[in-house]
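Observations on the three-dimensional arrangement
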Amino acid sequence: MSKTIKKIGVLTSGGDSPGMNAAIRSVVRTCAFHNIGCVGIYRGYQGMIEGDFKELGPRSVNNIINKGGTFLKSARSQEFRTPEGRKKAYDNLVKEGVEALIVIGGDGSFTGGLLFNTEFGFPVIGIPGTIDNDIYGTSHTLGYDTALNTVVDVIDKIRDTASSHNRLFLIEVMGRDAGHIALNAGIGAGAEEILIPEEDLGLERLLESLKKSKTTGKTSSIVVIAEGDKTGKNVFELKDYVESNFPEYDVRVSVLGHMQRGGAPSCFDRVLASRLGVKAVESILEGKSNLMVGLLNNKVELTPLEQAIKGHTEIDRELLRVSDIMSI
């Protein structure tokens, strides 16, 4: 294994997700294992521009594997979108002796890393961190499994109330462009209907489904809706529509929001973060760049960053079929 790189920088960017701290820990300790330096870059690309760096060693990352969020913080950076901002960032890295970069984040973060590499020839490896699971080249992104467990736990609690009061709950979960959380959590929590951006269910079919549920003896229902679904303009308009057609229903709305991003990462996310962090560092030491580490068929694989950014994840058609069967 070639060890021409002597110091690696690591940052988290974009929306936080459970498992980011575990990934930082893995990067830092893998660097220590290979006797190279590791620099934590605070507040993502903005911190890179401002030189907000800190040397990290194995003891710097004690007791963070179980923490949600990211201790390196995350921030949006308009300045990094400019050539001048990226030049400042590059100069700061050179001054600090950082020779390669590991970016933990989503497609926007990877786009910044790819552009940075194109302009300065700076080695960049990406680790996918987003609860939406919408990054091409990996079956699981960091935080996705934790978010699913959080959502299922909340829906289980809501169902207790729904069944006690004969209510219909419309539960909105995250997923602006992808319905992975809604589909999987909906099946896991026993939802009667699941609405996702990839499938245009339509208002009429929703009403038909609710009517069928009522005639088969269901006294309460749970409908899980991805925030990007367009069955209604928004979940509150959908509530009004259902109530106007089913006045006998007591319809309530729960928007789960940012609670889905928080909390201690699941065991799966901790192990995944550890595996991806090791692969990211060792890929850099092997002279690789412009790649994302991800999980495919339970093996850690590399995908070109450009492909990870531009590629589209597909919804599991078999899960859609399972969902239909389970809602009977």
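- Naming follows an unreviewed UniProt entry, where the protein chain appears as ATP-dependent 6-phosphofructokinase of Flavobacterium succinicans.
- Among the UniProt annotations of the protein chain, the heading Cofactor (unreviewed entry) holds the following wording: "Mg(2+)".
- For the record of the protein chain, the UniProt heading Sequence similarities (unreviewed entry) holds the text "Belongs to the phosphofructokinase type A (PFKA) family. ATP-dependent PFK group I subfamily. Prokaryotic clade 'B1' sub-subfamily."

Considering the sheet that holds strand β7 (residues 193–195)
- As summarised here, the arrangement of the four strands in space is β7-β8-β6-β9, forming an open sheet in which the pairing is parallel. Either end of the sheet is taken by a strand with one partner, and the two such strands are β7 and β9 (250–255). In this sheet, neighbouring strand axes are inclined to one another by 20° on average, regardless of whether the strands run parallel or antiparallel.
- Bridge count for strand β6 (residues 167–173) against strand β8 (residues 221–226) is six bridges, and the pairing is parallel. Across the sheet, residue Val173 finds its bridge partner in β8, namely Ala226.
- Packing of helix α8 (residues 235–245) onto the sheet brings it into contact with β6, β7, β8 and β9, and relative to β9 it is tilted by some 170°.

Quick look at the packing of helix α1 (residues 20–33) against helix α9 (residues 267–285)
- Between α1 and α9, the shortest axis-to-axis distance is 7 Å and the interhelical angle comes to 40°. Looking at the two axes, α1 sits oblique to α9. Relative to α9, α1 is oriented so that their crossing is right-handed. Counting all contacts with α1, which are made through Ala22, Ala23, Ser26, Val27, Thr30 and Cys31, the residues of α9 involved are Arg270, Ala273, Ser274, Gly277, Val278, Val281 and Glu282.
- Grouping the constituent residues of the contact of α1 with α9 by class yields seven nonpolar, four polar and two charged.

A word on the packing of aromatic side chains
- Going through the model one piece at a time under the given rule, you end up with eight aromatic pairs.
- Pairing Tyr90 with Phe122 gives two aromatic rings, centres 6.2 Å apart and planes at 90°, and the pair type is edge-to-face. You can see Tyr90 sitting in helix α3 (residues 83–96) and its partner Phe122 sitting in the loop between α4 (107–120) and β5 (124–128), a full 32 residues away along the chain.
- Residue classification places Tyr90 among the partly exposed positions, given a relative accessible area of 24%.
- Judged by relative accessible area, Phe122 falls into the buried class, the value being 6%.

Cut-offs used in this document
- Residues numbered from 1 in each chain as written.
- Predicted model: local features only at pLDDT ≥ 70, side-chain atom pairs only at ≥ 80, totals over all residues.
- Heavy atoms only, no water.
- UniProt positions renumbered as here; feature names shortened; annotations may be inferred.
- Pairing = 2+ DSSP bridges.
- Helix = DSSP H or I, 4+ residues; strand = E, 2+ residues; numbered from the N terminus.
- Axes fitted to C-alpha atoms, helices over the stretch in contact; angles between N-to-C directions.
- Contact = heavy atoms within 4.5 Å.
- Parallel < 35°, antiparallel > 145°, perpendicular 65-115°, else oblique.
- Left-handed = near helix turned anticlockwise from the far one by under 90°.
- Nonpolar A, V, L, I, M, F, W, Y, C, P; charged D, E, K, R; others polar.
- Phe/Tyr/Trp six-rings, centres within 6.5 Å; stacked < 30°, edge-to-face > 60°.
- Buried < 20%, exposed > 50% of the residue type's maximum accessible area, 1.4 Å probe, protein only.

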